[in-house]
Amino acid sequence: MSRLSPYWLWIVLSLPAFGMAYEIATSTNPRIVHILLHPTGEFSARFLIIAMLATPLCMLFKGWRGPRWLRKNRRYFGVAAFGYAALHTVFYIYDAATIERMLQQLPRLYIWTGWAAFAIFIPLAVTSMDYFVRKMGPAWKTLQRWTYPAAVLTLVHWAALHDWRDPTAAIVHFTPLALLEAYRIWYWYLRPSRMSPA
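For the rest of this paragraph, the subject is the side chain of His-157. Here His-157 lies in helix H9 (residues 147-159). Contacts of His-157, omitting those with residues within four sequence positions, involve His-88, Tyr-110, Ile-111, Thr-113 and Gly-114.

See below:
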């Protein structure tokens, strides 16, 4: 069963995409791609958050099987986050229709932060395979730390939509990650047992 689990996980992670593909294939609404634009971005952000929760959850709940399983499989969630980000980008390009319109929108905060986050996602996804982990050695972990600026850019991209009229969803999604990362910083650098002299 352990050998099959990644395949089952891929199926679960692909379910939203299958649902979107079905809607595109069956919908008569000419704006269906525009309607699905936001859900693709939201699923990308959710899977990114889940992948990043693995390490702080393992630190907080030592010995629990759930966080250990998540840490073992976090690369799947990370690649899924990239996949939905790529789909989000394709839908945006299709919805924008012209290069001129895309260039006009580029200076907007919620647009260029999205492009910047996606640009960071690309090398992270490409090097997610075991081959690159072995080949790159310590440099692989250094590269993977770019996940943090990508997450910040994703948060701003999401929250700044519609001129910051409703950033609540983005804040709610990213708050657990922010709290756990704050705990991680406290644990490694600020807790009394680390600051006390030997």
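Following the structure, the description resumes.
When the terminal C-alpha atoms of helix H2 (residues 32-60) are compared, their 42 Å separation across 29 residues agrees well with the 42 Å that a helix rising 1.5 Å per residue should span. The largest bend in H2 is about 40°, located at Ala-54, with the proline Pro-56 one to four residues further on.

So, on to a positive patch on the surface. On the surface, Arg-65, Arg-68, Arg-71, Arg-74, Lys-141 and Arg-145 cluster together into a patch of positive charge. Ranked by residues supplied to the positive patch, first place goes to helix H3 (residues 65-72) with 3 residues. Within the secondary structure, Arg-74 sits in helix H4 (residues 74-96). Classification of Arg-74 by relative accessible area gives partly exposed; the value is 33%.

Turning to a nonpolar patch on the surface, a few remarks are in order. Taken together, Ile-99, Leu-103, Leu-106, Leu-109, Trp-112 and Trp-164 make up a surface patch of nonpolar side chains, about 620 Å² in accessible area. Going through the elements one at a time, helix H5 (99-105) and helix H6 (109-126) are the ones with two or more residues in the nonpolar patch. Here Trp-112 is to be found in helix H6. Look at Trp-112 and you get partly exposed, because its relative accessible area is 39%.

What counts and how
- Residues numbered from 1 in each chain as written.
- Predicted model: local features only at pLDDT ≥ 70, side-chain atom pairs only at ≥ 80, totals over all residues.
- Heavy atoms only, no water.
- Helix = DSSP H or I, 4+ residues; strand = E, 2+ residues; numbered from the N terminus.
- Contact = heavy atoms within 4.5 Å.
- Expected span 1.5 Å × (residues − 1).
- Bend = angle between axes of the 7 residues up to and from the residue.
- Patch = residues over 30% accessible without salt bridge, like charges linked within 9 Å, V, L, I, M, F, W, Y side chains within 5 Å.
- Areas by Shrake-Rupley, 256 points an atom, 1.4 Å probe, with all protein chains shown as cover.
- Salt bridge = Lys/Arg side-chain N within 4 Å of Asp/Glu carboxyl O.
- Lys, Arg positive; Asp, Glu negative; His and termini not counted.
- Charge placed at Lys NZ, Arg CZ, Asp CG, Glu CD.
- Buried < 20%, exposed > 50% of the residue type's maximum accessible area, 1.4 Å probe, protein only.

None of the figures reported here should be taken as evidence of function without further support.
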